[in-house]
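Secondary and tertiary structure notes
Here is how the chains run, residue by residue.
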Amino acid sequence: MAEYTQILLDVADGVATLTLNRPHKMNAFTRTMMDEMVAAFDETDADDSVKAVIVTGAGEKAFCAGADLTPDNGARPFSDPTEVTDLSDTRVRDSGGMLTLRMFNSQKPVIGAINGAAVGIGATMQLPMDIRLASTSARFGFVFARRGIVPEAASSWFLPRLVGMSTALEWCMTGRVFGAEEAHAAGLVRSLHAPDELLSAAHALAREIADNTSAVSVAMTRAMLWRNSATPHPMHAHRVDSRAIYQLSRGADAREGVASFLEKRAPAYPGRVSSDMPGFYPWWEEPVWE
């Protein structure tokens, strides 16, 4: 594993736990943290032993309290300090968006264990996670309008899909901080847990995936649901579904899925995401920055 300074990455029994690790600053987000999180997702994708990734924060107060407004290197907190005239310059790119786009492309399911304050990028980085669990003490805030900026991290694409347009507009236009109960009621988080039970609940969910499912099936399913749900007609999904069923049904994981069911035993899927994805994967053309 790579050496990290602002995150921790632990892999055990098929589950990776990525911990934002700046508790002295409430895990405030920096460019270094972004680079390290992207590298960590590169690691988990490349490691066939990893079946699920949990993301949480160090300490008891915060998941991530937003961008570091007083970075140690004196840099500007929200964007590159370089003045450019061409807005297609890569230095214009939002670091939060670079992170969420990497998470969006993860081949492993991502589970958020939101253990405390989650505002700004601490809220928006959660949105491409597949399932979010929260502590009853967690607080959320899309506070950008109260800082004179706008929602970032591609959250204008993710947030309305998760909670609906009206709720997304209210949360972003008011910039108010709200509690875990409201986040749960709106569907931002799947369930609430006592602080000392949150990680155990996240690990139980990760184990449900790791112990019972084909990693290749899960990687395909994740990509299909995130991408096909945004296409303009169900025919686009039908094309992908049909090709995936046709190819995967002829594979070793499908044989094992049927055999383990009929023999009433736990499955042992041989398929690897690194080598056994369907031949037409990926079926999309990845957009580029411009």
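Residues numbered from 1 in each chain as written. Predicted model: local features only at pLDDT ≥ 70, side-chain atom pairs only at ≥ 80, totals over all residues. Heavy atoms only, no water.

**Let's talk about the overall build of the protein chain**
The condition is simple: Secondary structure is summarised from DSSP: a helix means a run of H or I of at least four residues, a strand means a run of E of at least two, and numbering begins at the N terminus for each. Atoms counted for the radius of gyration: C-alpha only. Globule rule: 2.2 Å times the number of residues to the power 0.38. When accessible area is computed with a 1.4 Å probe and restricted to protein chains, residues below 20% of their type maximum are described as buried, those above 50% as exposed, and intermediate ones as partly exposed. Here a residue-residue contact requires only that any non-hydrogen atoms of the pair lie within 4.5 Å.
Along its length, the protein chain carries 10 helices and 10 strands. Relative to the compact-globule value of 19 Å for 290 residues, the protein chain shows a C-alpha radius of gyration of 20 Å, a close match. A principal-axis box enclosing the C-alpha atoms of the protein chain has dimensions of 60 × 45 × 40 Å. Across the 290 residues that make up the protein chain, the buried fraction comes to 46%. Pairs at least 24 apart in sequence give 71% of the contacts found in the protein chain among residues at least 6 apart.

**Notes on the pattern of salt bridges**
Here the idea is simple: oppositely charged side chains can pair when their charged atoms come close. So the rule is basically this: Any Lys or Arg side-chain nitrogen located within 4 Å of an Asp or Glu carboxyl oxygen qualifies as a salt bridge.
Following the criterion strictly, the structure yields 14 salt bridges and no others. With its nearest N and O atoms 3.0 Å apart, the salt bridge here joins R22 to D68. Of this pair, R22 sits in the loop between β2 (15-20) and α1 (31-46) while D68 sits in the loop between β4 (62-64) and α2 (95-104), placing them 46 residues apart in sequence. Each member of the pair, R22 as well as D68, carries the same accessibility label: buried. E286 is paired through a salt bridge with R227; the nearest N and O atoms lie 3.5 Å apart. Of the two residues, E286 is situated in the segment after α10 (252-262) and R227 in helix α8 (residues 215-228); the sequence distance between them amounts to 59 residues. Shared partners join several salt bridges into a network, and the residues in it are R22, K25 and D68.

**Brief notes about the sheet that holds strand β6 (residues 117-119)**
Sheet strands pair by backbone hydrogen bonding; their relative direction is either parallel or antiparallel. To be explicit about the condition: In short, DSSP must find at least two bridges between two strands for them to pair. Fitted lines through C-alpha atoms give the axes, limited to the stretch in contact for helices. The angle between two N-to-C directions lies from 0 to 180 degrees.
Read across the sheet, 4 strands follow the order β4-β6-β8-β9 without closing on themselves; strand pairing throughout is mixed. Edge strands, defined here as strands with exactly one partner in the open sheet, are β4 and β9 (177-179). Direction aside, the axes of adjacent strands within the sheet are offset by 20 degrees on average. Relative to β6, β4 runs parallel, the two being bridged by 2 bridges. The residue bridging A62 from the neighbouring strand is A117, located in β6.

**Considering the packing of aromatic side chains**
Threshold: A pair of aromatic rings is counted whenever rings of Phe, Tyr or Trp (Trp by its six-membered ring) have centres within 6.5 Å, and the orientation is called stacked for planes under 30 degrees apart, edge-to-face for over 60 and tilted otherwise. Criterion for a charge above a ring: Arg CZ or Lys NZ at most 6 Å from the ring centre, at most 35 degrees from the ring normal.
For the coordinates displayed, the defined rule picks out 13 aromatic pairs. Look at F104 and W157: their rings are 5.7 Å apart centre to centre, the planes differ by 80 degrees, and that puts the pair in the edge-to-face class. Highlighted residues: F104 in helix α2 and W157 in helix α4 (residues 155-163), separated in sequence by 53 residues. W157 gets classed as partly exposed once you look at its relative accessible area, which sits at 29%. Centre to centre, the rings of Y281 and W284 are 5.5 Å apart; their planes meet at 85 degrees, and the pair counts as edge-to-face. What makes Y281 buried here is its relative accessible area of 18%. Joined through ring pairs, the aromatic side chains of F104, W157, F158 and W226 make up one cluster. The residue whose ring lies beneath R161 is W157, and the NZ or CZ to ring-centre distance is 3.7 Å.

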